[in-house]
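# Summary of the model geometry
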Amino acid sequence: MRRTTRALALLLALAAATNGWGQGATPSLSLLSREGRRALPITVINNQDYIAVDELAGPFGTASREAAGGLTLTARGRTLILTADQNLVSAAGRLVSLPAPVVRRDNRWYVPLDFLPRALGPALDLRLDLRRPARLLVMGDLRVPRIVTRIDSGSTNVSVTFEITPVTPAKVSAEAGRLVVQFDADALDLLIPPLPQQPFVSSIAPGEGNTVVIATGPRYGAYRSSSSQPDASSSRLTIDLMPSTSDLAGAVPPAPPLPVDIRPSVTPTPSTGLRTVVIDPGHGGDELGAQGPRGTLEKDITLAVSRRLRTMIESRLGLRVFLTRDDDRTVPHDDRSAFANNHQADVFLSIHANAAVRPFIKGAEVYYLSVERADAEARKRADDAAIVLPALGGGTRTIDLILWETAQARFLEQSSQLAGLVEAGLRAKVEMSPRAVQQAPFRVLVGANMPAALVEIGYLSNPDQEQQLTSAAYQDRIAESLLDALVKFRALLDRGAP
Amino acid sequence: MTIRRVLMGVAAVVAAAVFGWLVMTGLGRLLRAPAAPPEEPVAEVPAVAPPEGTATEGPKIKATLFFASEDGQRLVGVQQDVPLAEGTVAQARALIEALLSVPAPSAYSSTVPPGTTLRGLYVSDRFEVFVDLDATVRTRHPGGSMQELLTVYSVVNTLLVNLPTMTEVQILIDGREADSLAGHVDLRRPLRKNEGLIQ
């Protein structure tokens, strides 16, 4: 009975997904070029961002002609050929694969946003850089750094961190009632999260030119800024806002010398296999999780690390990142995996902190789902289960019907590779437990319909680790290790892609 | 003549039916006998504390109870005297009660929170053991994946190592099916023995 209900719920979810045509307010894609900024309307089809082909005539000078079920686009003497419902397009003689098919609706043709950087740009010898989270398309050699903002509020100060990719010089200056951060760039690709309640910063917003303006709050007295360069491709500017008792104020000190970087390049390149990451901060709300001897709660640490990881992935990899919770709330296990499934995540990472009866036990661990008897049966069922449904606009299409509680069974091999890469990433930066990679029947992983792992970032029951886990430096180290693992996992998926 | 034939026919049919019934029930018993213990395989025994003194008297068996290793990363099997009980269900109950009450040997530590009690124990006809623990096992649990794995699998392994005819163990909390114990391990389905955690 329960399974039938779940299967029905899944079907309803699928039906809802296929009805996603044109819902909500009309979003737009900002096109940035030497000539300035212009907005191109976006149409959402099947949860994917599309753009109408006729909108491209203005900015790119394309002319289109419809013939025999296809559309021929010409500009600058080059030709692109599009076919309705096909993922493949021909761009100046080269075949280019798109993540979603070309759509013809109401006498208009629509292409997924990836068409612009993958097909149109190369065909017209134009440099087009798509920044998906900000819905921004950068044309030509404009310097538009991606800036992801993070706000950490403590009881006596607030620190605002800008993760900047690529490395871009920035200058902070104090004016009446505000701090102005000037970036050396042509435009900014800026992401600012909602501001938590605190008395130091009243708002953060883009200012005139290439500036970000931090309006100061009633308790603000002084600031201190520092910049660093965590790797070759990005820089970090941190501004601490403190109460007036502190007399520390100053300019940006010079960046420390570059460490020898032996890490793989993390320049944002389009990936076919890894586009969306869902991070699951363990526990939350009434579920405190483990507790350290000084009272540190697991649910707070997991949220802090997840937020740092999100900032890093967004700024350095340019992937879509969602958190299963972004505040202190109780989230049932099924809702966590359902959230990842509904967001069509390509990777699910659940973040936890560990506890043991003996205080000397420490180190990080990685888990992926273990195969119980029922899972082995489920895997077979999952592989066999495919049903044919009538599709919108006639015809049929085959979909995989996956039982909620057995979804992970078919991803065990990839999850094991993911766990291995996470372990290697962590080992390079933090202390590992003697049993670094393990399999276990973990509840939150069961329903995840994508490669998934659970990361125990350290033992809260160990007094030293409790201190580490609360420090920004250790949390950043963890986030960087997981970022490294995702970069390698992305390479693995891209290699394996057809 | 015809009446006699009809009567003979009826008698033959009745005889065949009786023979068939005997064969079926007899076969059923024969088939159940080697797999199931001689007593009723589906049973329910209320968890009542044994009277004082019975634990120290009477016959014992050498059983393996599971505790957390010195480094807290593994389960260690420790030989203990446990009262011999009549039948699988009673023996399973005796094993869990020993696991909950026997202090851990000096180097090791107990995996089950102190004060946890056994509310009941059932065995299904598919040889799955259902262990019903009171809510203390959840409320006094220190949390953490590793500790939760040790708690769950010390119960599962203690039962399945000592009672090899049993296949799987499901932990219930306060008489109900539980989602998990401390937020990690899936308790909605019966679990098999975990060899990987054993030192």
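All figures in this text were calculated on a predicted structure; none of them were measured in a lab.

## What to know about the overall build of chain B
- Within chain B, the regular secondary structure consists of four helices and seven strands.
- Start at the N end of chain B and walk to the C end: the helices and strands fall as α-β-β-β-α-β-β-α-α-β-β.
- Sequence-distant contacts, at least 24 apart, represent 63% of the contacts inside chain B between residues at least 6 apart.
- For chain B, the computed accessible surface area is about 10,300 Å², with 61% contributed by carbon and sulfur atoms.

## Re the interface of chain A and chain B
- In this assembly, 36 residues from chain A lie in contact with 36 residues from chain B.
- Among the ionic pairs, A:Arg443 bridges to B:Asp179, the shortest N-O distance being 2.9 Å.
- The interface formed by chain A and chain B contains 17 residue pairs in polar contact (both at pLDDT 80 or more).
- Looking at side-chain class alone, the side of chain A that touches chain B contains 17 nonpolar, seven polar and twelve charged residues.

## Some details on the confidence of the model for chain A
- Scored by pLDDT, chain A has a mean of 82; 82% of the residues are at 70 or more.
- Confidence drops under a pLDDT of 50 for residues 246–269 of chain A, and excluding neighbours within four residues, the segment shows 42 contacts in the predicted structure.

## Digging into the nonpolar core
- Counting 64 residues, the largest nonpolar core has A:Phe348, B:Leu121, B:Val131, B:Val152, B:Leu159 and B:Leu187 as its most contacted members.
- Tallying contributions element by element places helix H4 (residues 145–162) of chain B first for this core, with nine residues.
- Residues within four places of B:Leu159 in sequence aside, it is in contact with B:Ala92, B:Leu95, B:Ile96, B:Val129, B:Val131 and B:Val169.
- Listed in part, the 44 residues of the second largest apolar core include A:Leu418, A:Val455, A:Leu469 and A:Leu482.

## Some points on the sheet that holds strand E5 (residues 70–75) of chain A
Residues and elements named next belong to chain A.
- With antiparallel pairing, five strands are arranged side by side in an open sheet as E4-E5-E6-E7-E8. Both outer strands of the open sheet, strand E4 (63–67) and strand E8 (94–97), are each paired with one neighbouring strand and no more. Each strand of the sheet is rotated relative to its neighbour by a mean of 25 degrees, with strand direction disregarded.
- Sheet topology places strand E6 (residues 78–83) next to strand E7 (residues 88–91); two bridges connect them, and they run antiparallel. Of the residues in E7, the one forming a bridge with Ile81 is Ser90.
- Sitting on the sheet, helix H3 (residues 115–123) touches E5, E6, E7 and E8, and the angle it makes with E6 is about 145 degrees.

## Some words on the environment of B:Val185
Residue and element names in this part refer to chain B.
- Note on placement: Val185 falls in the segment after strand E7 (176–177).
- The buried category is assigned to Val185, whose relative accessible area is 0%.
- Along the sequence, Val185 and Glu148 sit 37 residues apart, while their C-alpha atoms lie 7.0 Å from each other.

## Overview of the packing of aromatic side chains
Residues and elements named next belong to chain A.
- For the structure shown, the criterion picks out three aromatic pairs over all chains.
- With 6.5 Å between their ring centres and 80 degrees between their planes, Phe322 and Phe339 make a pair best called edge-to-face. One end of the pair, Phe322, is in strand E23 (residues 320–323); the other, Phe339, is in helix H5 (residues 333–342), and 17 residues separate them in sequence.

## Points about the packing of helix H9 (residues 463–470) of chain A against helix H10 (residues 472–496) of chain A
Residues and elements named next belong to chain A.
- Contact geometry of H9 with H10 gives a least axis separation of 5 Å together with a crossing angle of 80 degrees. The orientation of H9 relative to H10 falls into the category roughly perpendicular. On H10, the residues touching Gln465, Gln468, Leu469 and Thr470 of H9 are Ala472, Tyr474 and Gln475.
- For the contact of H9 with H10, the class distribution of residues is three nonpolar, four polar and no charged.

## Thoughts on the sheet that holds strand E25 (residues 364–369) of chain A
Residues and elements named next belong to chain A.
- Ordered in space as E23-E22-E24-E29-E25-E28, the six strands form an open sheet in which the pairing is mixed. Lying at the two open borders of the sheet, with one neighbouring strand each, are E23 and strand E28 (432–440). Mean inter-strand twist for the sheet, computed between neighbouring axes without regard to direction, equals 20 degrees.
- Two elements, strand E24 (residues 347–354) and strand E29 (residues 452–459), share six bridges in a ladder whose sense is parallel. Considered in E29, the bridge of Asn354 is made with Tyr459.
- Of the strands in this sheet, strand E22 (276–281), E24 and E29 are in contact with H10, which crosses E24 at around 150 degrees.

## A short note on the pattern of salt bridges
Residue and element names in this part refer to chain A.
- Taken as a whole and assessed by the stated rule, the structure comprises 40 salt bridges over all chains.
- The partner of Asp184 in a salt bridge is Arg143, with the nearest N and O atoms 3.4 Å apart. One end of the pair, Asp184, is in the loop between strand E16 (178–183) and strand E17 (189–191); the other, Arg143, is in the loop between strand E12 (136–139) and strand E13 (146–153), with 41 residues separating them in the sequence.
- Residue class for Asp184 comes out partly exposed when judged on its relative accessible area of 41%.
- Across the pair Glu480 and Arg236 runs a salt bridge whose closest N-O atoms are separated by 3.5 Å.

## Some details on the side chain of B:Thr136
- Relative to the helices and strands, B:Thr136 is located in helix H3 (residues 136–139).
- Apart from the residues lying within four places of it in its own chain, the contact partners of B:Thr136 are B:Pro113, B:Pro114, B:Gly115, B:Thr116 and B:His141.

## Concerning unusual backbone geometry
Residue and element names in this part refer to chain A.
- In this model, Thr165 is joined to Pro166 through a cis peptide bond whose omega is -10 degrees.
- Even without a glycine there, the phi angle at Asn47 is positive, about 65 degrees.
- Among the structural elements, Asn47 can be located in the loop between strand E2 (36–45) and strand E3 (48–52).
- Overall, the relative accessible area of 47% leaves Asn47 in the partly exposed class.

Rules used in this analysis
- Residues numbered from 1 in each chain as written.
- Chains lettered and ligands numbered in written order.
- Predicted model: local features only at pLDDT ≥ 70, side-chain atom pairs only at ≥ 80, totals over all residues.
- Heavy atoms only, no water.
- Helix = DSSP H or I, 4+ residues; strand = E, 2+ residues; numbered from the N terminus.
- Contact = heavy atoms within 4.5 Å.
- Areas by Shrake-Rupley, 256 points an atom, 1.4 Å probe, with all protein chains shown as cover.
- Salt bridge = Lys/Arg side-chain N within 4 Å of Asp/Glu carboxyl O.
- Polar contact = N/O pair within 3.5 Å; in protein donor to acceptor, adjacent residues only side chain to side chain.
- Nonpolar A, V, L, I, M, F, W, Y, C, P; charged D, E, K, R; others polar.
- pLDDT = per-residue confidence, 0-100.
- Core = buried A, V, L, I, M, F, W, Y, C linked by side-chain atoms within 4.5 Å.
- Buried < 20%, exposed > 50% of the residue type's maximum accessible area, 1.4 Å probe, protein only.
- Pairing = 2+ DSSP bridges.
- Axes fitted to C-alpha atoms, helices over the stretch in contact; angles between N-to-C directions.
- Phe/Tyr/Trp six-rings, centres within 6.5 Å; stacked < 30°, edge-to-face > 60°.
- Parallel < 35°, antiparallel > 145°, perpendicular 65-115°, else oblique.

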